[in-house]
Amino acid sequence: MVMLSNGKNKLELVRLNLSLELLTLQRLEVSPSSSAAAGNGGLSMKSKERIMQIKRKKISYFMCPEPAKNWVDIVSVPLMMAYVTRYFFGTDKLRPNAFAVRGFNGVTTGVIHCDDMAILSQWLKCITDNILRLTQMQIKLYKRIFALGEQIEYMGWLNKGLISKYFWSKGSKPRFLIIKGTEVMLFDSPPMNSPGLSKLKVAYKVYHTIFRVVKESDTVDSRQHCFLLHNLGHKPQYLSVETPQELLRIENSWITSIINLARKTFAVKYHEKRGVFVVDWQNGFSLTEGADATIVWQYKFSQLRGSSDDGKSKLKLNFQIHGKKAIETKELECQVVQSLLFCTYAFYRAKIACISREPRINQ
């Protein structure tokens, strides 16, 4: 049993009924028949006859019927694509021992208050586990529709921070994130079918977007589990989720999307010769020349030590020589130098993250 807030600082006792697809709130009410009996001195005519019989036999006690009570549904929230939050709406402030659930259709539970953190954690886990199961079922259905390179890797709710030019958070708004193939999509509300995917708010290419988890010491407000999406030609997106497990799911899905992409190539000039710069998930960075793609030089991701560019067409990449402290600099010329640079670091960050947490990638 938990307490429900009606938005006017009044609490009422309610019961939560959880199934795979629905979260239902119920309140205890006296049945109409019991109310009618209450108007008759609290007893029905049959009960009164029974008491009179007992009195005639001079028995020193009498029996009163228990008032009939029933649990009545207040609201039912569908858990498919549902949004669970502990935060006051639009803020970075946590509700003490309380949460709310909002369905994709806009139906909400209101604020549910628990007696302590242990009960709160149990309810949150049960509800979010069911939402995750339903989401995975939906992703499997989409797999029948989309080609191999367009599969959905992630779907779920997050909060988008509102950023000023000084990079301070001014609040947040819920957004629905989908990572599909090489695309990163943000929606105001979750798409419930494949045509709904076209109603997106923002779309990025995963290879033009740098994903970075924000350290707890670097967060701009009190929200936890934050990350940055820095996309070519757009302002950074400051985003957060409710749990560390959800942040890990997003990062793992991001890495999977890069792995499936496998490689990207760019036409460049190196020492005034035409060539192809290759970013490859397995082999790292390389430069090839000629029709037979002869490798001129090649480095692993771990050898990249930095870069600089002129903002136009020239890029310098600094690599550490394997087994030595010496640094080699390779200067490239590319007509889409920013695209090349973002792709380089999108692969690089995904690779480093993958290596650092490889045992957990398949969780």
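Everything quoted here is computed from the prediction, not taken from an experiment.

**What to know about unusual backbone geometry**
Move 1: Located in the positive-phi region is methionine 81, a residue other than glycine, with phi close to 60°.
Move 2: Take methionine 81: its relative accessible area is 2%, and that puts it in the buried class.
Move 3: One non-glycine residue, alanine 262, lies in the positive phi region at around 75°.
Move 4: Its location among the elements puts alanine 262 in the loop between helix H4 (244-261) and strand S15 (263-270).

**A few points about H4**
Every α-helix carries 3.6 residues per turn, so stepping three or four residues along brings you back to the same face.
Move 1: Over its 18 residues, H4 extends 26 Å from the first C-alpha to the last, a length consistent with the 26 Å expected when each residue adds 1.5 Å.
Move 2: With respect to burial, H4 is a largely interior element, 13 of its 18 residues being buried.
Move 3: Of the residues flanking the end of H4, it is alanine 262, one or two places downstream, whose phi is positive at about 75°.

**Thoughts on the packing of H4 against helix H5 (residues 337-356)**
Move 1: Contact geometry of H4 with H5 gives a least axis separation of 10 Å together with a crossing angle of 120°. Here H4 lies oblique to H5, going by the angle between them. Like other packed secondary-structure pairs, H4 and H5 cross with a definite hand, here left-handed. In contact with Glu251, Ile255, Ile258 and Leu261 of H4, H5 contributes Ala346, Phe347, Ala350, Ala353 and Cys354.
Move 2: For the contact of H4 with H5, the residue count by class is eight nonpolar, no polar and one charged.

**Focus: the confidence of the model for the protein**
Move 1: Scored by pLDDT, the protein comes out at a mean of 86, with 85% of its residues at no less than 70.
Move 2: With pLDDT under 50 throughout, residues 34-39 is counted as low confidence; its partners more than four residues away or in other chains account for six contacts.

**Re the packing of aromatic side chains**
Move 1: Inspection of every chain in the model, using the stated rule, returns 15 aromatic pairs.
Move 2: With centroids separated by 6.0 Å and ring planes inclined at 50°, the aromatic side chains of tryptophan 297 and phenylalanine 319 adopt a geometry described as tilted. Taken as a pair, tryptophan 297 in strand S18 (residues 294-299) and phenylalanine 319 in strand S20 (residues 314-320) lie far apart in primary sequence, 22 residues in all. When sorted by exposure, tryptophan 297 lands in the same class as phenylalanine 319, which is buried.
Move 3: Seen from their ring centres, tyrosine 345 and tyrosine 348 are 6.0 Å apart, and the 80° between their planes marks the pair as edge-to-face. Of this pair, tyrosine 345 and tyrosine 348 both sit in helix H5, three residues apart, which is roughly one turn of that helix.
Move 4: Each member of the aromatic cluster is reached from another via a ring pair, and the members are Tyr270, Phe277, Trp281, Phe285, Trp297, Tyr299, Phe301 and Phe319.

**Side note on the sheet that holds strand S5 (residues 83-85)**
Move 1: Overall, antiparallel pairing links the seven strands, which are arranged S4-S3-S2-S1-S7-S6-S5 in an open sheet. Each edge of the open sheet carries a strand with a single partner, namely strand S4 (69-78) and S5. The mean inter-strand angle of the sheet, taken between neighbouring strand axes irrespective of direction, is 35°.
Move 2: Bridge count between strand S1 (residues 2-5) and strand S2 (residues 11-18): four bridges; the pairing is antiparallel.

**Digging into the pattern of salt bridges**
Move 1: According to the stated counting rule, one finds eight salt bridges in the structure shown.
Move 2: Glutamate 12 serves as the salt-bridge partner of arginine 27, at 3.0 Å between the closest nitrogen and oxygen. Placement of arginine 27 in strand S3 (residues 22-30) and of glutamate 12 in strand S2 is noted, with a sequence separation of 15 residues between them.
Move 3: Take arginine 27: its relative accessible area is 26%, and that puts it in the partly exposed class.
Move 4: For glutamate 246, the salt bridge identified is with arginine 249, shortest N-O distance 2.8 Å. Of this pair, glutamate 246 and arginine 249 are both found in helix H4, three residues apart, which corresponds to roughly one turn of the helix. The same class applies to glutamate 246 and to arginine 249, which are both buried.
Move 5: The structure contains a network of salt bridges with shared partners spanning Glu12, Arg27 and Glu29.

Analysis parameters
Residues numbered from 1 in each chain as written. Predicted model: local features only at pLDDT ≥ 70, side-chain atom pairs only at ≥ 80, totals over all residues. Heavy atoms only, no water. Buried < 20%, exposed > 50% of the residue type's maximum accessible area, 1.4 Å probe, protein only. Helix = DSSP H or I, 4+ residues; strand = E, 2+ residues; numbered from the N terminus. Expected span 1.5 Å × (residues − 1). Axes fitted to C-alpha atoms, helices over the stretch in contact; angles between N-to-C directions. Parallel < 35°, antiparallel > 145°, perpendicular 65-115°, else oblique. Left-handed = near helix turned anticlockwise from the far one by under 90°. Contact = heavy atoms within 4.5 Å. Nonpolar A, V, L, I, M, F, W, Y, C, P; charged D, E, K, R; others polar. pLDDT = per-residue confidence, 0-100. Phe/Tyr/Trp six-rings, centres within 6.5 Å; stacked < 30°, edge-to-face > 60°. Pairing = 2+ DSSP bridges. Salt bridge = Lys/Arg side-chain N within 4 Å of Asp/Glu carboxyl O.

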